[in-house]
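# Remarks on the overall topology
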Amino acid sequence: MRTARIASALLMGVAVLGYSGWLLEFFLPTGVSPVHDPVEALLAGPPVFRVLLAVSGVAFLLAGPPLHRLGPVQWSARLSSVSVSAFGLVVLVQAAYPERSDLISSLLSVVLVVGVISLILWWPPGWRALAVAGLAVVMATWLAVVLSRQLDAYEGVFTRVQLVVRAAMYGIGGAYAFVKPAPRHAHR
């Protein structure tokens, strides 16, 4: 159990750091506008962005099995760990096919929403409230991205906020897995 806890914490840390690699745009010449261009446009620029995204995808994918061991034996907890691996798989696809990033980004949002809903179903009350708040923020940023694309205004800002929210949600999930003892039964 201790090995699974350490492995999941390390993998989730690497995953969140790699997923936050887009922040390098503020230090590298990219030609991408942080206000108008979606963050996915960075994937067509310097290869460092695709490499970091791929590393993140692999780390998310590999974090699922240790997280699976830490959660309680019930379908909602299992869905949480599966959604982490699924997110990693979709991130790998995004790194491999950056030209399809808009569609893939929507799929990432769906996977994240499913994962957060599964956390709401099994996390204890204090943490559950955090997951509910997180779900509201995830949905709000997703809506903001969709609207910004439709209105052709500030898409760059909202896609970057969306990535910050995603990274924060996975960071919170990783922290829970590391600091909380895993219950082995369903909450009643």
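Note that this is a predicted model, so its numbers are computed, not measured. (Residues numbered from 1 in each chain as written. Predicted model: local features only at pLDDT ≥ 70, side-chain atom pairs only at ≥ 80, totals over all residues. Heavy atoms only, no water.)

Our focus in this paragraph is the overall build of the protein chain. Regarding its fold elements, the protein chain presents six helices and zero strands. Traced from its N-terminal end to its C-terminal end, the protein chain shows the element sequence α-α-α-α-α-α. Over its C-alpha atoms the protein chain spans a radius of gyration of 16 Å, differing by no more than 12% from the 16 Å that the globule rule assigns to 188 residues. The principal-axis extents of the C-alpha atoms in the protein chain amount to approximately 50 × 30 × 25 Å. Taken over 188 residues, the protein chain has a buried fraction of 46%. Long-range contacts, defined as pairs at least 24 residues apart, comprise 73% of the intrachain contacts of the protein chain with a sequence gap of at least 6. Of the roughly 9200 Å² of accessible surface on the protein chain, 74% is carried by carbon and sulfur atoms. (Helix = DSSP H or I, 4+ residues; strand = E, 2+ residues; numbered from the N terminus. Rg over C-alpha atoms; globule rule 2.2 N^0.38 Å. Buried < 20%, exposed > 50% of the residue type's maximum accessible area, 1.4 Å probe, protein only. Contact = heavy atoms within 4.5 Å. Areas by Shrake-Rupley, 256 points an atom, 1.4 Å probe, with all protein chains shown as cover.)

Direction vectors running N to C along helix 2 (residues 47-70) and helix 3 (residues 75-96) enclose 165°, while the axes themselves pass 7 Å from each other. What the angle tells us is that helix 2 and helix 3 run roughly antiparallel. Handedness of the helix 2/helix 3 crossing: left-handed. For the contact of helix 2 with helix 3, a count of residues per class yields 15 nonpolar, eight polar and three charged. (Axes fitted to C-alpha atoms, helices over the stretch in contact; angles between N-to-C directions. Parallel < 35°, antiparallel > 145°, perpendicular 65-115°, else oblique. Left-handed = near helix turned anticlockwise from the far one by under 90°. Nonpolar A, V, L, I, M, F, W, Y, C, P; charged D, E, K, R; others polar.)

For Val90, the location among the structural elements is in helix 3. For Val90, a relative accessible area of 12% translates into the label buried. Val90 sits 58 residues away from Ser148 along the chain, and the two C-alpha atoms are 23 Å apart.

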